Amino acid sequence: MKEVKLKINGKDVVATEGMTILEAARKAGFRIPTLCYHDGLTPHGGCRLCVVEVKGSPRLLTSCTTPVADGMEVYTDTDRVKEARKFVMNLIMTERNHFCMFCEKSGKYEDTDCELQKRAYEVQIEHFPFPVYVDKYPVDTSSPVMVTDHNRCILCGRCVRVCSEIVANSTLDFSFRGSKALIAVDTGLSKGKSSCISCGACMQVCPAGAIFSKFGGYKSRRSLCERIETFCPICGIGCETTNYVRYNNIVEIEGNGLVKGSLDGGQLCEKGRYGPLMESRNRISTPLLRDSKGRFVEATYEEALNRVVQLLKAYSPDQIAFRTSSFLPAEDLAYIKEFASRIGVKDIDTFDGNVYRNLSSFKLSKGTYEDVLNADLILLIGGDIVKEHSVVGSYIRRAVRNRGAELVVISSIESKIDRWAKEVRRVAEGSEGSLANDYKNKIKSMSNSIIVLEGASLLSNKEAIEPWLKLAEELNVKVMILTPTGNSLAAWELGISPDLADSAGKSKKLLFLFLGDIDSSYSPASIAEKGYETIVLHSAYIDAIMKLSDVVIPGKSWLENEGTYKVMDGKARRFSPILKAEKGVKSPRELLSDLADAMRLGSISIDDIVRKL
């Protein structure tokens, strides 16, 4: 990059060609206030708060959109500049309702969450010098997760740009002009009836509290919260998150960054941003034992542990089965496998084990996120990607919009991704494979095709996916498998799968069940059909399978359980717990460690196993 030499406030500054005055000033340590500007979005120059004086220019220039030039002399803090910024802020503050005492983002300068209020403090707005113009603008509460209050909107356009540039959904835009201007949703719809996918990116970048969460609003300001940075393991993409926690409750979750340069743009989906905040299931708070009359009675942890030991000794290993969610951290999965092996149990499986077995016989060329972005034909097969792997959906939309990629959707389910498709084939669930050969010639005619397989029900159905996998092998087409849970890859690599030769034809009498707490492959009905004599349940939440269980032991939720996840790009990542578990609540590995001690099985080490992931 070519160097550009300029002066800012009399100081010699070296920038690079293409930088804006704002970027060069920040790099040199000068602070320029901004509102419509955001690091992750294209500069807009709309609010004009970042104006600076440039020698030779008769007018003030917006620093966020003006490129640096050799010999340029810039002044960021002159009286003329200060007066202009104060005038701009006065206009913003006197139009619409910016009465900060009624806003959930409000607070004093040091701890307010509101950028608008901070900028007002900085330019020393002490009163409104102009008549306050407050018309009555709509408040849209139709979204299931957020509220849009147009009375607080400053029309900076951040929400419009993030919806278009990062999420690539293009739901938001401007409508009308002047004092009547509003942020429009599609063609004038409410958010709840629109193409909005509830990812919340617009809320995250809003500087004025015009868009706020239905779950975190008015609970606490960020400055009063503990800040925990980790990632979301729910779907396996592994989006970075910043979690704000107060009194062991999550107040808010943000995508970590929304900055330029990252592939996903720092976005989150509805599940990642709001899922933990919407959690409404009741927790299992104490161990429960079934008594002789079939009733649950509360027990101590030690009593429950003793009952499990008795049950494990009462059945022979070939009468026992272990089933687990693959959403658990790798440490738990490895410990469950090693414990089962130590007591001679060979029937151990995950709820999505069929998916692993359906895929394992194929030698597929694995598709990456970059392959999706660079594709000219995308065949999306299966469930609703917007609900299950929404961030991958943004890559598909970007490919369609930016490269003109052709999207074909084959699914039994209607999805908000359909409007981006050139062709939508609605088929009965399980019959997706019957259409594979219809696209053989189309794939051959394209240079960069990719097949994306979505949904636990599709992936566990051999007849539905096998034709697509054979086609991919034959034509050497890349395939992206969107895993059923956040840690399916780790479970599969750890080899958690039953010894089919050993367990074939033998009925099991005792089931040891580790639920985890998010697994779309889990089906209580299919477990009930097996007719187990005895079920030992380890779970964080009250579940339908409890009615058939004999021992119930409370477990940690995923938010409380530290551990390793293998995300879809193939990297093993360490999840940091966001919440603290109640005293005495155990993870599967903690429970099984206690059982191993009680049964004198000796030490079980899983560190080397997990390290190899």
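Residues numbered from 1 in each chain as written. Predicted model: local features only at pLDDT ≥ 70, side-chain atom pairs only at ≥ 80, totals over all residues. Heavy atoms only, no water.

### Remarks on the overall build of the protein
Phase 1: Along the protein, the regular secondary structure elements total 20 helices and 28 strands.
Phase 2: For the C-alpha atoms alone, the extent of the protein along its principal axes is close to 90 × 60 × 50 Å.
Phase 3: Counting the 613 residues in the protein, one finds 57% classified as buried.
Phase 4: In the protein, of all internal contacts separated by at least 6 residues, the share reaching a separation of at least 24 is 69%.
Phase 5: A gap of 2 Å separates the mean positions of the 83 positive and 79 negative side-chain charges of the protein. (Helix = DSSP H or I, 4+ residues; strand = E, 2+ residues; numbered from the N terminus. Buried < 20%, exposed > 50% of the residue type's maximum accessible area, 1.4 Å probe, protein only. Contact = heavy atoms within 4.5 Å. Lys, Arg positive; Asp, Glu negative; His and termini not counted. Charge placed at Lys NZ, Arg CZ, Asp CG, Glu CD.)

### Brief notes about the confidence of the model for the protein
Phase 1: In the predicted model, the protein carries a mean pLDDT of 92, and 96% of its residues have values of at least 70.
Phase 2: Across the protein, the secondary-structure element scoring lowest on mean pLDDT is helix H17 (residues 500-503), at 66, and the one scoring highest is strand E5 (residues 73-75), at 98. (pLDDT = per-residue confidence, 0-100.)

### Focus on the sheet that holds strand E11 (residues 226-231)
Phase 1: The strand order E11-E12-E13 describes an open sheet built from three strands, whose pairing is antiparallel. Sheet topology places E11 and strand E13 (249-255) at the edges, where each strand pairs with a single neighbour. Ignoring strand direction, the axes of neighbouring strands in this sheet form an average angle of 25°.
Phase 2: Bridge analysis of strand E12 (residues 240-246) against E13 gives six bridges, and the strand direction is antiparallel. The partner of Thr242 across the bridge, within E13, is Glu254. (Pairing = 2+ DSSP bridges. Axes fitted to C-alpha atoms, helices over the stretch in contact; angles between N-to-C directions.)

### A few points about helix H6 (residues 270-278)
Phase 1: Within H6 the residues assigned to the buried category are Gly272, Arg273, Tyr274, Pro276 and Leu277. Taken around the axis of H6, the buried residues stretch over an arc of 165°, which confines them to a single face. (Arc of directions from axis to C-beta.)

### Let's talk about the pairing of strand E3 (residues 51-54)
Phase 1: When E3 meets strand E4 (residues 61-62), the two strands line up antiparallel, connected through two bridges. Residue pairing for E4: Val51 is matched across the bridge by Thr62.
Phase 2: Adjacent in sequence and paired antiparallel, E3 and E4 are bridged by six residues, among which Gly56 carries a positive phi angle near 100°.
Phase 3: Relative to E5, E3 runs antiparallel, the two being bridged by two bridges.

### Side note on helix H3 (residues 115-122)
Residue pairs spaced three or four apart in an α-helix point in one direction, given the helix's 3.6 residues per turn.
Phase 1: All of the buried residues along H3 are Leu116, Gln117, Arg119 and Ala120. Seen from one end, H3 has its buried residues packed into an arc of 160°, which puts them on one side.
Phase 2: In this structure, the buried side of H3 is in contact with helix H2 (79-93).
Phase 3: Positive backbone phi, at 60°, marks Gln124, one or two positions downstream of H3.

### So, the side chain of Ser175
Phase 1: Among the secondary structure elements, Ser175 is positioned in strand E8 (residues 172-175).
Phase 2: By relative accessible area, which is 18% here, Ser175 ends up buried.
Phase 3: With residues near it in sequence (within four places) discarded, Ser175 still touches Lys180, Ala181, Leu182 and Ala184.

### Observations regarding the state of the cysteines
Phase 1: What the rule picks out here adds up to zero disulfides.
Phase 2: Looking at the unpaired Cys47, the closest cysteine sulfur is the one in Cys36, lying at 3.8 Å.
Phase 3: You can call Cys47 buried: its relative accessible area is 14%.
Phase 4: With no disulfide of its own, Cys206 has Cys156 as its nearest cysteine by sulfur position, at a separation of 6.4 Å. (Disulfide = S-S within 2.5 Å.)

### Brief notes about the packing of aromatic side chains
Phase 1: This structure, assessed with the given rule, holds 16 aromatic pairs.
Phase 2: Measuring from ring centre to ring centre gives 5.1 Å for Phe351 and Tyr522, while their planes differ by 45°; the resulting arrangement is tilted. In this pair, Phe351 sits in the loop between strand E17 (347-350) and helix H9 (353-360) while Tyr522 sits in the loop between strand E24 (510-514) and helix H18 (524-529), placing the two residues 171 residues apart along the sequence. Take Phe351 and Tyr522: they sit in the same class, and that class is buried.
Phase 3: Taken together, the ring pairs in this structure connect Phe231, Phe327, Trp558, Tyr565 and Phe575 into an aromatic cluster.
Phase 4: It is Arg96 that lies over the ring of Tyr137; its NZ or CZ is 3.9 Å from the centre.
Phase 5: Of note, Arg281 hangs over the ring of Tyr541, and the distance from its end group to the ring centre comes to 3.9 Å. (Phe/Tyr/Trp six-rings, centres within 6.5 Å; stacked < 30°, edge-to-face > 60°. Lys NZ or Arg CZ within 6 Å of the ring centre and 35° of its normal.)

### Concerning the environment of Gly238
Phase 1: Summarising the element assignment, Gly238 is placed in the loop between E11 and E12.
Phase 2: The spatial distance from the C-alpha of Gly238 to the C-alpha of Asp608 is 23 Å, given a sequence separation of 370 residues.
Phase 3: Not counting residues up to four positions away in its chain, the partners in contact with Gly238 are Phe231, Cys232, Val567 and Arg573.

### So, the sheet that holds strand E10 (residues 211-213)
Phase 1: Spatially, the three strands line up as an open sheet ordered E6-E7-E10, and their pairing is antiparallel. The open sheet is flanked by strand E6 (139-140) and E10, the only strands paired with a single partner.
Phase 2: Alignment of strand E7 (residues 146-149) against E10, held across three bridges, turns out to be antiparallel. Of the residues in E10, the one forming a bridge with Met146 is Ser213.

### Details of the packing of helix H7 (residues 301-314) against helix H19 (residues 588-598)
Phase 1: The N-to-C vectors of H7 and H19 enclose an angle of 65°; their axes lie 10 Å apart at closest approach. Considering their axes alone, H7 and H19 lie roughly perpendicular with respect to each other. Between H7 and H19 the crossing geometry is right-handed. Between H7 and H19, the residues in contact are Tyr301, Leu305, Val308 and Val309 and Glu590, Leu591, Asp594, Leu595 and Ala598, respectively.
Phase 2: For the contact of H7 with H19, the residue count by class is seven nonpolar, no polar and two charged. (Parallel < 35°, antiparallel > 145°, perpendicular 65-115°, else oblique. Left-handed = near helix turned anticlockwise from the far one by under 90°. Nonpolar A, V, L, I, M, F, W, Y, C, P; charged D, E, K, R; others polar.)

### Some thoughts on a nonpolar patch on the surface
Phase 1: Residues Phe87, Leu91 and Phe130 make up a contiguous nonpolar surface patch of about 260 Å² in total accessible area.
Phase 2: Tracing the backbone shows Leu91 in helix H2.
Phase 3: Overall, the relative accessible area of 42% leaves Leu91 in the partly exposed class. (Patch = residues over 30% accessible without salt bridge, like charges linked within 9 Å, V, L, I, M, F, W, Y side chains within 5 Å. Areas by Shrake-Rupley, 256 points an atom, 1.4 Å probe, with all protein chains shown as cover. Salt bridge = Lys/Arg side-chain N within 4 Å of Asp/Glu carboxyl O.)

### Quick notes on the pairing of strand E19 (residues 377-382)
Phase 1: Of all six residues making up E19, six are buried, and the element is well covered by its neighbours.
Phase 2: Relative to strand E20 (residues 406-411), E19 runs parallel, the two sharing five bridges. When the bridges of E20 are listed, Leu377 appears paired with Glu406.

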